[in-house]
Amino acid sequence: MAHLNENFLKLEASYLFSEIARRVSAFSKANPDRDLIRLGIGDVTNPLAPAVVNAFHAGVDEMASESTFRGYGPEQGYDFLRETISEHDFAARNAEISAEEIFISDGAKCDTGNFQELFAADSIIAVPDPVYPVYVDTNVMAGRTGTFADGRYSGLVYLEGTAENNFVPPPPDTHVDVAYLCFPNNPTGATATREQLAEWVAYARAEKALLLFDAAYEAFIRDDSIPHSIFEIEGAREVAVEFRSLSKTAGFTGTRCAFTAVPRSCMVYDTAGNAHALHDLWNRRHCTKFNGVSYPVQKAAEAVYSPEGQAQVTALVDGYLENAAVIRSAIQALGYPPAGGENSPYIWVQTGGDSWEFFDRLLNEAGVVVTPGAGFGRCGEGYIRISAFNSATNVQTAMERIAQALG
Ligand code: MLT
């Protein structure tokens, strides 16, 4: 008989975005004539940039000819892409991450979900609240928590992001082994200052803890004083790993390409206290379980960093940021205080009351899909998240419909 990993029974019945999709599909079935505007899951709506498409096509053409065909590539990614990323995303910001410290993958969701495999079962894990659910669910699956009650799993340390701390939780006053951080934040849209990140790095160094820094939304930062990478902070190379993605940066949600930076100087410790290079362990895991991102996709990703590619993807992100500004001012005009949406595609709105009820109300009365804050944790109750990923016209219409429904 095959026995179940009973940790899976502790999980809530479905993943947040699957539950939203289920409710939306039920609504559409019951109301086939209602057209819905989706500002829920953060999925891009614009096509790939022309420079990216051209490189993608050229990559496919290479695969179609005997002389340029390629089979398995390096599991860690092709050097042409790793070197480009090292130069543009790190060296250009005075952050030291070499090409060989970069692991190309098919998504930050997979990498942030998989990374916990490297840590002991009894590790003390800190997660933000509200939180991108992947960090929590993967630790539940791995058996690092007790049961779920009252919006929380026992055994995890929750870092509360509230209006009082501008949704940037400070380091805890207890020891943790691993802390997940996400800036610009999903779901609150909050950004962390250099000083706040430096405080986290100092904490991690003092506690020999590790920061798992999710920077999937860094391309939305327009304020020059805000760091894009944890490695812009002195001392981070010994205590942090960073996850990046081209999903939101360059519209790759359906194309799939991301990367994780694991500095060679970052250590983890065995029970005897001996240090081991995290880079070697992640490399071992990656080579065992992953065979690399396809060659044409990596060529397409490289083109994101070309001068034309940069101009084109910046214009895409600028468009989403303009949507975010429209959402923020419409929400403010309705008397709800918005957070985020300035260096982020997400607007975090305090509605008060039950956030699933508010979600249902906007779905039923306005035909607009948002994300209920409670789906991101206990601190998300009383909030909704509105995503700026849609066309300018749809965003405008959605905000008019919301104003009518709530007015
Ligand atoms: C979100 O809406 O939070 C994101 O699209 C989820 C993801 O990137 O996996």
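Remember, predicted model here, so these are calculated numbers, not experimental data. (Residues numbered from 1 in each chain as written. Predicted model: local features only at pLDDT ≥ 70, side-chain atom pairs only at ≥ 80, totals over all residues. Heavy atoms only, no water.)

To continue, consider the packing of helix 2 (residues 50-63) against helix 9 (residues 295-304). Two elements in contact, helix 2 and helix 9, have axes separated by 8 Å at closest approach and are oriented at 150°. When the interaxial angle is binned, helix 2 and helix 9 end up roughly antiparallel. The handedness of the crossing between helix 2 and helix 9 is right-handed. For the pair helix 2 and helix 9, the contacting residues are Ala51, Val52, Ala55, Phe56, Gly59, Val60, Glu62 and Met63 in the first and Tyr295, Pro296, Val297, Lys299, Ala300, Ala303 and Val304 in the second. Taken together, the residues of the contact of helix 2 with helix 9 break down into 12 nonpolar, one polar and two charged. (Axes fitted to C-alpha atoms, helices over the stretch in contact; angles between N-to-C directions. Helix = DSSP H or I, 4+ residues; strand = E, 2+ residues; numbered from the N terminus. Parallel < 35°, antiparallel > 145°, perpendicular 65-115°, else oblique. Left-handed = near helix turned anticlockwise from the far one by under 90°. Contact = heavy atoms within 4.5 Å. Nonpolar A, V, L, I, M, F, W, Y, C, P; charged D, E, K, R; others polar.)

Attention now goes to the site of the ligand. Near the ligand you find Phe17, Ile41, Gly42, Tyr132, Asn186, Tyr217, Lys248, Tyr346 and Arg385, and these make up its full shell. A distance of 2.6 Å separates an oxygen atom of the ligand from a polar backbone atom of Gly42. Here an oxygen atom of the ligand sits 2.7 Å away from a polar atom, N or O, in the side chain of Arg385. Looking at the shell around the ligand residue by residue, the classes come out as five nonpolar, two polar and two charged. (Near = heavy atom within 4 Å. Polar contact = N/O pair within 3.5 Å; in protein donor to acceptor, adjacent residues only side chain to side chain.)

It is worth spelling out the packing of aromatic side chains at this point. Taken as a whole, this structure holds 24 aromatic pairs when the rule is applied. Taking 4.8 Å as the distance between ring centres and 50° as the angle between the ring planes, the aromatic pair formed by Phe148 and Tyr153 counts as tilted. With centroids separated by 5.1 Å and ring planes inclined at 65°, the aromatic side chains of Tyr217 and Tyr346 adopt a geometry described as edge-to-face. Linking Tyr217 in the loop between strand 8 (210-214) and strand 9 (240-245) with Tyr346 in strand 14 (residues 346-350), this pair joins segments that are 129 residues apart in sequence. Each member of the pair, Tyr217 together with Tyr346, is buried. Pairwise contacts between aromatic rings join Phe17, Phe167, Trp348, Phe376 and Tyr383 into one cluster. When the ring centre of Tyr269 is taken as reference, the NZ or CZ atom of Lys208 above it lies at 4.7 Å. Its end group placed over the ring of Tyr346, Arg385 keeps NZ or CZ at 3.8 Å from the ring centre. (Phe/Tyr/Trp six-rings, centres within 6.5 Å; stacked < 30°, edge-to-face > 60°. Buried < 20%, exposed > 50% of the residue type's maximum accessible area, 1.4 Å probe, protein only. Lys NZ or Arg CZ within 6 Å of the ring centre and 35° of its normal.)

Before going further, it helps to examine the nonpolar core. Counting 84 residues, the largest nonpolar core has Phe90, Leu211, Ile230, Phe231, Phe252 and Cys257 as the members making the most contacts within it. In contact with Cys257, other than residues within four places in its own chain, are Leu81, Ile104, Ser105, Asp106, Ser245, Leu246, Ser247, Phe252, Val293, Val297 and Ala301. One finds Phe103, Ile125, Val127 and Cys266 within the second-largest nonpolar core, a separate group that totals 27 residues. (Core = buried A, V, L, I, M, F, W, Y, C linked by side-chain atoms within 4.5 Å.)

What follows concerns unusual backbone geometry. For the bond from Asp129 to Pro130, the omega torsion is 5°, close enough to zero to count as cis. Structurally, Pro130 is set in the loop between strand 3 (125-129) and helix 5 (133-141). Going from Asn186 to Pro187, the amide bond is cis rather than trans, its omega being 15°. Relative to the elements of secondary structure, Pro187 occurs in the loop between strand 7 (178-182) and helix 6 (194-207). One non-glycine residue with positive phi stands out, namely Phe167, at about 65°. Relative to the helices and strands, Phe167 is located in the loop between strand 6 (157-160) and strand 7. For Phe167, a relative accessible area of 10% puts it in the buried group.

As a further point, take a nonpolar patch on the surface. Together, Leu4, Phe8 and Leu9 line one region of the surface with nonpolar side chains, adding up to about 320 Å² of accessible area. As for its position among the elements, Leu4 is in the segment before helix 1 (16-30). (Patch = residues over 30% accessible without salt bridge, like charges linked within 9 Å, V, L, I, M, F, W, Y side chains within 5 Å. Areas by Shrake-Rupley, 256 points an atom, 1.4 Å probe, with all protein chains shown as cover. Salt bridge = Lys/Arg side-chain N within 4 Å of Asp/Glu carboxyl O.)

Purely spatial values, then, with no claim about function.
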